[in-house]
Amino acid sequence: MKYWPLVAIPLSWILQVLLAARFGPINAIPDIPLLLAAFSGLLMGPDAGAATGFFAGLLQDISFGRYIGVHALSRAACGFVSGYAGKRVLPDSLAVPFLVGFGATLLDDLVSLVIFGVAGAGTFVLRRQMLVLTASAYNALLGPLAFMLVSRLSSGKPTQGKM
Amino acid sequence: MMLLDRRYGLRRLILGALLVIAAVAVTSLTSGERGATTGIENLVDDVVFPLQAVAHRVAQSFASARSWFADINRLKAENEELKKRTSEIDSIKVQLDDALNENRRLRELAGFAERSPFAFIPADVVGRSTDNWFSTIVVGRGSLSGVEKNWPVLSSKGLLGRTIKVTARTSTVLLLLDTDSSAGVLVERSRDAGIVSGGRSDNLLKMTMFSRDADVREGDSVVTSGLGSIYPGGLLVGSVEKVEREEYGLIKSALVRPASDFGRIEEALIMRPPAGEKPR
């Protein structure tokens with residue numbers, strides 16, 4: 001089970017593709033690779049979270065074919081920050097999976113926005129506030145499930161997180 | 001021990017910084033128009049497309065079964081109504097056939113060649129962008145069906161967008177609603193020109209007129225102008241929802257409600273440009 005992210009990363013992306021197809025092109029959607037990155041970080045530490053997030057995001061970038069690198073970096077940041085927060089900031093509470101799901105979405109959006117800006121890639125402004133909030137709510141609701149799955153996959157032993 | 005920790009921390013910092021720089025550079029390089037798709041992208045597409053197609057078919061079967069049960073009473077009433085209308089349409093069709101025949105004869109007389117420069121490739125919508133940043137859909141036709149980049153894509157009601165990435169079996173369509181989308185347009189009634197662009201949170205299009213004195217009214221139909229290199233003229237984009245009056249502004253703008261319902265796109269028509277005309 002040591003190398004479970006090698007399976008979980010492509011699987012999360014395939015799930016995301018299938019999930020996205022069920023939502024219209026203008027609606028907010030939950031983000032499975034992001035949840036994988038955030039909870040990998042929370043349960044396995046910042047380095048593992050960053051690495052999982054990077055490759056999960058890179059796969060998503062390649063499948064889209066433009067702006068390659070944005071998701072790789074934003075998900076890596078989410079994995080790293082949730083790992084860091086899991087070690088030092090987050091309290092031992094049942095609300096943590098919800099908070100991580102919600103917070104990771106906002107952070108992912110913020111980091112993406114910065115990268116788009118730095119890379120001079122288009123004029124992205126906070127044009128989809130409602131989409132971001134809805135996606136954050138979806139991810140918060142899916143947080144406990146993602147937490148359980150990642151916890152189970154990583155041998156059920158939260159190695160560095162506080163949970 | 002502390003030195004080791006510090007070294008490890010420094011190495012991690014350098015690696016992180018290199019990754020950030022590399023990612024930003026690649027993002028910048030891949031932000032504009034790209035040429036052909038890479039082998040990796042084609043491989044990714046080959047993995048995903050069968051799954052998308054199956055998911056699409058399963059979802060469609062569920063949707064049709066559900067609507068069949070729900071709509072059975074409505075369908076009965078509709079059937080009666082349609083029977084009545086069929087007889088009316090039959091008589092109209094006779095008149096229409098006459099008019100078409102007359103038109104054909106007159107064209108031949110005037111020496112006009114049949115003008116049908118566009119061909120359409122019908123395609124099922126099998127997916128969408130997997131994130132909340134881009135407004136794109138994926139259709140189940142690609143280069144194997146002859147599709148190329150920057151071909152216009154329509155719904156039965158109006159313009160949807162253009163193809164931005166074509167793999168063997170699928171094409172990604174950038175919708176008009178996306179921040180990166182824009183199209184040259186005309187107000188059909190007054191023939192005043194402008195540009196529509198996406199990126200709004202209310203899913204309307206912003207139309208910026210070239211002239212401050214442009215004659216735009218609410219309800220006006222907006223069609224493509226044909227001035228750009230991608231969209232031919234005359235494709236319905238939508239109708240003017242609101243004219244924004246800026247008394248001292250240099251430009252005039254309006255909000256356009258798209259003719260296509262972007263929330264419910266199931267099929268699309270990819271428009272093949274006439275032979276000899278290559279897209280950008």
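Here the structure is a predicted model, which is why all the values come from computation and not from measurement.

> Where do I start with the overall build of chain A in this structure?
For chain A, the count of helices and strands is six helices and zero strands. Looking at chain A as a whole, 56% of its 163 residues are labelled buried. Of the contacts formed within chain A by residues at least 6 apart in sequence, a portion of 76% connects residues at least 24 apart. Roughly 6900 Å² of accessible area belongs to chain A as shown, and the carbon and sulfur atoms make up 74% of that amount.

> Before we go on, may I ask you to explain the nonpolar core in this structure?
Within soluble globular proteins, side chains that are nonpolar generally end up buried alongside one another. Counting 40 residues, the largest nonpolar core has B:M207 and B:V216 as its most contacted members. Those residues within four positions of B:M207 in sequence are excluded, and the remaining contacts are B:V185, B:V187, B:I195, B:V196, B:V216, B:V222, B:V240, B:K252, B:S253, B:A254 and B:V256. Counting 25 residues, the second largest nonpolar core, distinct from the first, contains A:L35, A:L59, A:I62 and A:A146.

> I would appreciate a short explanation of the confidence of the model for chain B in the present structure.
Detailed reading of the predicted coordinates is not advisable wherever pLDDT falls low. Residue and element names in this part refer to chain B. Of the residues in chain B, 83% have a pLDDT of 70 or more, and the chain-wide mean is 80. With pLDDT under 50 throughout, residues 112-116 is counted as low confidence; its partners more than four residues away or in other chains account for four contacts. Taken together, the chains of this predicted complex give a pTM of 0.74 and an interface ipTM of 0.75.

> Mind showing me how you'd approach the interface of chain A and chain B here?
Interface extent is often summarised as the accessible area lost during association of the parts. Counting residues at the interface gives 45 residues for chain A, matched by 48 residues for chain B. In total, chain A and chain B occlude about 4300 Å² of area from one another, counting both sides; carbon and sulfur atoms represent 63% of this. Counting across the chain A and chain B interface gives zero salt bridges. Here chain A is connected to chain B by seven residue pairs in polar contact (both at pLDDT 80 or more). For the side of chain A that touches chain B, the secondary structure elements donating two or more residues are α1 (4-22), α3 (46-64), α4 (70-88), α5 (96-118) and α6 (129-153) of chain A. Here the element with the most residues in the side of chain A that touches chain B is α1(A); it accounts for eight residues. Grouping the constituent residues of the side of chain A that touches chain B by class yields 28 nonpolar, 11 polar and six charged.

> Got a minute to help me understand empty space enclosed by the protein in this structure?
Empty space left among the atoms is revealed by rolling a probe the size of a water molecule over them. With the rule as written, the count across this model stands at four cavities of 30 Å³ or more. Those elements that place two or more of their residues in the lining of the largest cavity are α1 and α3 of chain A together with α2 (39-70), β2 (136-139), β4 (159-166) and β5 (171-175) of chain B. Counting residues per element, the lining of the largest cavity draws most heavily on α2(B), at five residues. The residue makeup of the lining of the largest cavity, split by class, is eight nonpolar, 11 polar and five charged.

> Please clarify how the environment of B:S201 should be interpreted in this entry.
Structurally, B:S201 is set in the loop between β7 (193-197) and β8 (205-209). Counting along the chain gives 24 residues from B:S201 to B:L177, while the straight-line C-alpha distance between them is 9.2 Å.

> Explanation requested: the sheet that holds β5(B) in the structure shown.
Sheet strands pair via backbone hydrogen bonds, and the direction of the pair is either parallel or antiparallel. All names here are of chain B. Taken in spatial order, the six strands of this closed barrel run β1-β2-β5-β4-β3-β12, and their pairing is antiparallel. The mean angle between the axes of side-by-side strands here comes to 45°, regardless of whether they run parallel or antiparallel. Across four bridges, β2 lies against β5 in antiparallel orientation. Within the sheet, the bridge partner assigned to T136 lies in β5 and is L174.

> What's the story with the environment of A:F64 in this structure? I'm lost.
Examined against the element boundaries, A:F64 turns out to sit in helix α3. In this structure A:F64 comes out as buried when scored by relative accessible area, which is 11%. Taking the C-alpha atoms as reference points, A:F64 and A:T134, 70 residues apart in sequence, are found 22 Å from one another. Excluding residues that lie within four positions of it along the chain, A:F64 makes contacts with B:F134, B:T136, B:K165 and B:T172.

> I keep staring at the sheet that holds strand β10 (residues 236-244) of chain B and nothing clicks. Help me out?
Residue and element names in this part refer to chain B. Pairing is antiparallel around the closed barrel formed by six strands, whose spatial order is β6-β7-β8-β11-β10-β9. Geometrically, the sheet is characterised by an average inter-axis angle of 40° between neighbouring strands, direction not taken into account. Strand direction decides the pairing type here: β8 and strand β11 (residues 253-258), joined by four bridges, are antiparallel. Counterpart to K206 in the pairing with β11 is L255.

> Just checking my understanding: could you explain the side chain of B:S129 for this structure?
As for its placement among the helices and strands, B:S129 is situated in the loop between β1 (119-128) and β2. Residue B:S129 is classed as buried on the basis of its relative accessible area of 3%. A distance of 2.8 Å separates the side chain of B:S129 from the side chain of B:D131, its partner in a polar contact. Within the structure, the side chain of B:S129 is placed 3.5 Å from the backbone oxygen of B:F134, a separation counted as a polar contact. With near-sequence residues (within four places) excluded, B:S129 lies in contact with A:A20, A:I29, B:F134 and B:T136.

> Would you take a moment to explain the packing of aromatic side chains for this structure?
Aromatic ring pairs: the centre-centre distance and the angle between the two ring planes describe each pair. All names here are of chain A. Scanning the entire structure with this criterion turns up seven aromatic pairs over all chains. Both rings, one in F39 and one in F147, keep their centres 6.2 Å apart while their planes meet at 70°; by these two values the pair is edge-to-face. Of this pair, F39 sits in helix α2 (residues 32-44) while F147 sits in helix α6, and the two are 108 residues apart along the sequence. F147 shares its class with F39; the two are buried.

Reading the values: rules and limits
Residues numbered from 1 in each chain as written. Chains lettered and ligands numbered in written order. Predicted model: local features only at pLDDT ≥ 70, side-chain atom pairs only at ≥ 80, totals over all residues. Heavy atoms only, no water. Helix = DSSP H or I, 4+ residues; strand = E, 2+ residues; numbered from the N terminus. Buried < 20%, exposed > 50% of the residue type's maximum accessible area, 1.4 Å probe, protein only. Contact = heavy atoms within 4.5 Å. Areas by Shrake-Rupley, 256 points an atom, 1.4 Å probe, with all protein chains shown as cover. Core = buried A, V, L, I, M, F, W, Y, C linked by side-chain atoms within 4.5 Å. pLDDT = per-residue confidence, 0-100. Buried area = accessible area lost by both parts, 1.4 Å probe. Salt bridge = Lys/Arg side-chain N within 4 Å of Asp/Glu carboxyl O. Polar contact = N/O pair within 3.5 Å; in protein donor to acceptor, adjacent residues only side chain to side chain. Nonpolar A, V, L, I, M, F, W, Y, C, P; charged D, E, K, R; others polar. 1 Å grid on protein atoms, 1.4 Å probe; cavity = no way out; pocket = protein on both sides within 12 Å on 5 of 7 lines; lining within 4 Å. Points joined across faces, edges and corners; volume = space filled by probe spheres on them. Pairing = 2+ DSSP bridges. Axes fitted to C-alpha atoms, helices over the stretch in contact; angles between N-to-C directions. Phe/Tyr/Trp six-rings, centres within 6.5 Å; stacked < 30°, edge-to-face > 60°.

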